[in-house]
Amino acid sequence: MSSIKETAAKFFDACETGKGWDVCKDFCHPDASFKAQADAFPGIESLEGYTDAMKGLLAGPLPDASYELRSFAVDEERGHVSGFAAFKATHSGEGGPVPPSGKTVDTDFVYVMEFDGDRIRHMTKIWNDGFAMRQLGWG
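All figures in this text were calculated on a predicted structure; none of them were measured in a lab. (Residues numbered from 1 in each chain as written. Predicted model: local features only at pLDDT ≥ 70, side-chain atom pairs only at ≥ 80, totals over all residues. Heavy atoms only, no water.)

Visitor: What's the story with helix H4 (residues 129-136) in this structure? I'm lost.
Guide: Residues that lie three or four places apart on an α-helix share one face, since the helix turns once every 3.6 residues. The complete set of buried residues in H4 reads Asp-129, Ala-132 and Leu-136. Angularly, the buried residues of H4 cover 65° about the axis, an arc narrow enough to put them on a single face. Positive phi appears at Gly-137, one or two residues downstream of H4, with a value of about 80°. (Buried < 20%, exposed > 50% of the residue type's maximum accessible area, 1.4 Å probe, protein only. Helix = DSSP H or I, 4+ residues; strand = E, 2+ residues; numbered from the N terminus. Arc of directions from axis to C-beta.)

Visitor: Can you walk me through the packing of aromatic side chains in this structure?
Guide: Between two aromatic rings, the relevant description is the distance of the centres plus the angle of the planes. One pass over the structure, following the stated rule, counts 11 aromatic pairs. Here the aromatic rings of Phe-12 and Phe-72 are separated by 6.0 Å at their centres, their planes lie at 85°, and the arrangement is edge-to-face. Remark: Phe-72 occurs in strand E2 (residues 66-75) and Phe-12 occurs in helix H1 (residues 3-16); sequence separation between them is 60 residues. Measuring from centroid to centroid gives 5.1 Å for Phe-41 and Tyr-50, while their planes differ by 75°, and the two rings are edge-to-face. Take Phe-41 and Tyr-50: they sit in the same class, and that class is buried. Taken together through their ring pairs, the aromatic side chains of Phe-11, Phe-12, Phe-34, Phe-41, Tyr-50, Tyr-67, Phe-72, Phe-109, Tyr-111 and Trp-127 make up a single cluster. The ring of Phe-109 carries the charged tip of Lys-125 above its face, separated from the ring centre by 5.1 Å. A cation over an aromatic ring shows up here: Lys-125 above the ring of Trp-127, its NZ or CZ 4.5 Å from the ring centre. (Phe/Tyr/Trp six-rings, centres within 6.5 Å; stacked < 30°, edge-to-face > 60°. Lys NZ or Arg CZ within 6 Å of the ring centre and 35° of its normal.)

Visitor: Could you clarify how one ought to interpret the side chain of Thr-107 in this entry?
Guide: Within the secondary structure, Thr-107 is located in strand E4 (residues 104-116). Classification of Thr-107 by relative accessible area gives buried; the value is 4%. One polar contact links Thr-107 to Trp-127, side chain to side chain, over a distance of 3.1 Å. (Polar contact = N/O pair within 3.5 Å; in protein donor to acceptor, adjacent residues only side chain to side chain.)

Visitor: Can you walk me through the nonpolar core in this structure?
Guide: Proteins that are soluble and globular tend to have nonpolar side chains buried together. Among the nonpolar cores identified, the biggest contains 36 residues, and Phe-11, Leu-47, Tyr-50, Phe-87, Tyr-111 and Met-113 are the most heavily contacted of them. Of all elements in the fold, only H1, helix H2 (21-24), strand E1 (28-36), helix H3 (47-59), strand E3 (80-90), E4, strand E5 (119-127) and H4 reach the threshold of two or more residues within this core. Ranked by the residues each element gives to this core, the list is headed by H1, at 6 residues. (Core = buried A, V, L, I, M, F, W, Y, C linked by side-chain atoms within 4.5 Å.)

Visitor: Quick question: what am I supposed to make of the pairing of E2 here?
Guide: Within a regular strand, side chains alternate between the sheet's two faces. Relative to E3, E2 is paired through 9 bridges, and the arrangement is antiparallel. Paired with Val-74 across the strands is Val-81, a residue of E3. Here E2 hands over to E3 after 4 residues, with Gly-79 in that stretch at a positive phi of 70°. (Pairing = 2+ DSSP bridges.)

Visitor: Could you clarify how one ought to interpret the side chain of Asp-129 in this entry?
Guide: By the element assignment, Asp-129 lies in helix H4. No salt bridge is formed by the buried Asp-129; its nearest oppositely charged neighbour, Arg-134, is found at 7.7 Å. Each residue touching Asp-129, except ones within four places of it in the same chain, is listed here: Ala-38, Asp-39 and Ala-40. (Lys, Arg positive; Asp, Glu negative; His and termini not counted. Salt bridge = Lys/Arg side-chain N within 4 Å of Asp/Glu carboxyl O. Contact = heavy atoms within 4.5 Å.)

Visitor: Can you help me understand the pattern of salt bridges in this one?
Guide: Side-chain pairs of opposite charge can arise where the charged atoms are in close proximity. Scanning the model with the defined rule gives 7 salt bridges in all. Between Arg-78 and Asp-75 there is a salt bridge, with the nearest N and O atoms lying 2.9 Å from each other. Overall, the relative accessible area of 52% leaves Arg-78 in the exposed class. Taking the relative accessible area as the measure of exposure, Asp-75 reaches 25% and is therefore partly exposed. Several salt bridges converge on common partners, so that one network encompasses Glu-68, Arg-70, Lys-88 and Asp-108.

Structure, rendered in structure tokens:
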């Protein structure tokens, strides 16, 4: 397994299991950036902000969240790793825009992680947040 693939896999799991920046920072440059064309992450432009937002979601409104990794690909030439997964959860905890709805989400997403050396410099999340929010009864 390539070095960047291993790092990306560890980051992916830490982020998707709600470990937050305290753990995810070990795989990233300190000023790693984040981008998503999704209204669910207003103003979040750093991986620190994104990983802590995920930690908050899993500690609050979506405590049973899990993911199923469906594909993981490395583009060594461009220094990118892409992970495709399905995120599943039930809004059973406190938090979110409405009281616990008991509704579930099953939504696909992709992380495209850009490396500088052996650490993530930038990540783009590709995700249809509107669809996911409607499944949860949040939009």
